[in-house]
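Remarks on the overall topology
For reference, the chains in residue letters:
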Amino acid sequence: VQIAQLNAQQVNELYLQATELFKKEKYEESAKYFESIVTAAPHRLDAKEFLNKCRQEIQVLEEKRKQEELAKQQTEKKKEMDDTFNTALKLYEKSDYIPALDWFEKSKEVAGKYQFTEYLEKSQANIETIKLALAERYDKEGYKLYQQNKIEESYEKYSKSLQYNPNNVTVDSDIKKLKEQLAQKYYELGISKYTSGESEKAKEYFKKSLSYNPNKDETLRALERIK
């Protein structure tokens, strides 16, 4: 018999079977019966109500199952979690910031995957602290190199600083100035080589200039002449 063609008696029998299954906490089986009833007799509000209850109970059981599985995984991964975080912490305490950062990232990954909330928060906090410390370190190194007129080395250090703290507008501004200086430096070197007949070397310098400022008109024109 097709579901849509069930008569009132058959619907009632299904309803009794469905409610019995519900009492026995067999919610998925019960839900299938109630779905058939609702399809055959849409006016049966009692069946609709029971169907909603079944779905709620199924959700509760599924959540319970997930929590039990998570608790099991947490027990299995607790030592790995402890060891990873403590390794990161020891490196941090010794100011070995770069390896410490790598280990805190691993710690954060494990903590996020297995919902070790406290470790997740601590790992993230330490990651942010280390990034700021590294940004400051490379900023100072960049400034020192700039004072020594080591422009290219200074640019590299400032770039690293900005990687760790992209919101530092001062460093960002310094990098833009250095890019212009380096673009001009390699443009002038290129012109010098071109004048002395070393076209290939000139081309190399012009391309280097454009790596710092792809829109530098003089360099683009010079490179076009060589081609």
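Before any of the text, the structure's been laid out above.
In this report, we go over the structure that sits alongside the text.

1. Some thoughts on the overall build of the protein chain
- Scanning the protein chain for helices and strands turns up nine helices and zero strands.
- Each of the 227 residues in the protein chain was classed as buried or not, and the buried ones make up 34%.
- If you take every contact in the protein chain between residues at least 6 apart in sequence, the share linking residues at least 24 apart comes to 49%.
- In the structure as shown, the protein chain presents an accessible area of about 14900 Å², 48% of it carried by carbon and sulfur atoms.
- Side chains of the protein chain give 41 positive and 41 negative charges; the mean places of these two sets differ by 3 Å.

2. As for the packing of helix α1 (residues 8-23) against helix α2 (residues 27-40)
- Following both chains from N to C, one finds α1 and α2 inclined at 155°, their axes separated by 8 Å at the closest point. Taken together, the axes of α1 and α2 are roughly antiparallel relative to one another. Where α1 crosses over α2, the two elements pack in a sense that is left-handed. Note on element contacts: α2 touches α1 through Tyr27, Glu29, Ser30, Tyr33, Phe34, Ser36, Ile37 and Ala40, opposite Val11, Leu14, Tyr15, Gln17, Ala18, Thr19, Leu21 and Phe22.
- Class assignment for the residues of the contact of α1 with α2 results in 11 nonpolar, four polar and one charged.

3. Side note on the nonpolar core
- In this structure, Met81, Ile130 and Leu134 are the most contacted members of the largest nonpolar core, which totals 19 residues.
- The set of elements that each furnish at least two residues to this core consists of α3 (45-93), α4 (97-113) and α5 (117-147).

4. Concerning the environment of Lys216
- On the secondary structure map, Lys216 appears in the loop between α8 (199-212) and α9 (217-226).
- In this structure, the C-alpha to C-alpha distance between Lys216 and Gln184, residues 32 residues apart in sequence, is 8.7 Å.
- Ignoring sequence-local partners within four residues, the contact set of Lys216 consists of Ala183, Gln184, Tyr187, Ser209 and Leu210.
- In terms of polar contacts, Lys216 uses its side chain to reach the side chain of Gln184, at 2.8 Å.

5. Some remarks on α8
- In a regular helix each residue adds 1.5 Å, so 14 residues correspond to 20 Å; α8 covers 20 Å between its end C-alpha atoms and thus fits that length.
- Residues of α8 that are buried: Ala202, Tyr205, Phe206, Ser209, Leu210 and Tyr212. Axial view of α8: buried residues confined to an arc of 150°, hence all on one face.
- In this structure, the buried side of α8 is in contact with α6 (151-164), α7 (169-195) and α9.

6. What to know about α6
- Across its 14 residues, α6 extends 20 Å between first and last C-alpha, which sits within 8% of the 20 Å expected from 1.5 Å per residue.
- Buried within α6 we find Ile151, Glu152, Ser154, Tyr155, Tyr158, Ser159, Ser161, Leu162 and Tyr164.
- As for α6, its buried residues are in contact with α4, α5, α7 and α8.

7. A short note on the packing of aromatic side chains
- Enumeration over the complete set of coordinates arrives at 15 aromatic pairs.
- Between Phe85 and Phe104 the ring centres are 5.6 Å apart and the planes differ by 70°, which places this aromatic pair in the edge-to-face class. With Phe85 in helix α3 and Phe104 in helix α4, the pair connects residues that are 19 residues apart, well separated along the chain.
- Take Phe104: its relative accessible area is 0%, and that puts it in the buried class.
- Grouped by ring-pair contacts, the aromatic residues Phe85, Tyr92, Tyr97, Phe104, Phe116 and Tyr119 constitute a single cluster.

8. Here's the deal with the packing of α7 against α9
- Packing of α7 against α9 leaves a shortest axis separation of 10 Å and a crossing angle of 30°. Our classification of the angle between α7 and α9 gives roughly parallel. Handedness of the α7/α9 crossing: left-handed. For the pair formed by α7 and α9, the contact residues are Gln184, Tyr187, Ile191 and Tyr194 on the first element and Glu218, Thr219, Ala222, Arg225 and Ile226 on the second.
- For the contact of α7 with α9, the per-class residue count stands at five nonpolar, two polar and two charged.

9. With respect to the pattern of salt bridges
- Tallied over the entire structure, the rule returns 18 salt bridges.
- Here Lys77 makes a salt bridge to Glu80, at a shortest N to O gap of 3.4 Å. Within this pair, Lys77 and its partner Glu80 are both found in helix α3, separated by three residues, close to a single helical turn.
- Under the relative-accessibility criterion, Glu80 is labelled partly exposed at 36%.
- The partner of Lys185 in a salt bridge is Glu152, with the nearest N and O atoms 3.9 Å apart. One end of the pair, Lys185, is in helix α7; the other, Glu152, is in helix α6, with 33 residues separating them in the sequence.

What counts, and at which threshold
- Residues numbered from 1 in each chain as written.
- Predicted model: local features only at pLDDT ≥ 70, side-chain atom pairs only at ≥ 80, totals over all residues.
- Heavy atoms only, no water.
- Helix = DSSP H or I, 4+ residues; strand = E, 2+ residues; numbered from the N terminus.
- Buried < 20%, exposed > 50% of the residue type's maximum accessible area, 1.4 Å probe, protein only.
- Contact = heavy atoms within 4.5 Å.
- Areas by Shrake-Rupley, 256 points an atom, 1.4 Å probe, with all protein chains shown as cover.
- Lys, Arg positive; Asp, Glu negative; His and termini not counted.
- Charge placed at Lys NZ, Arg CZ, Asp CG, Glu CD.
- Axes fitted to C-alpha atoms, helices over the stretch in contact; angles between N-to-C directions.
- Parallel < 35°, antiparallel > 145°, perpendicular 65-115°, else oblique.
- Left-handed = near helix turned anticlockwise from the far one by under 90°.
- Nonpolar A, V, L, I, M, F, W, Y, C, P; charged D, E, K, R; others polar.
- Core = buried A, V, L, I, M, F, W, Y, C linked by side-chain atoms within 4.5 Å.
- Polar contact = N/O pair within 3.5 Å; in protein donor to acceptor, adjacent residues only side chain to side chain.
- Expected span 1.5 Å × (residues − 1).
- Arc of directions from axis to C-beta.
- Phe/Tyr/Trp six-rings, centres within 6.5 Å; stacked < 30°, edge-to-face > 60°.
- Salt bridge = Lys/Arg side-chain N within 4 Å of Asp/Glu carboxyl O.

Keep in mind these numbers describe shape, not what the thing actually does.
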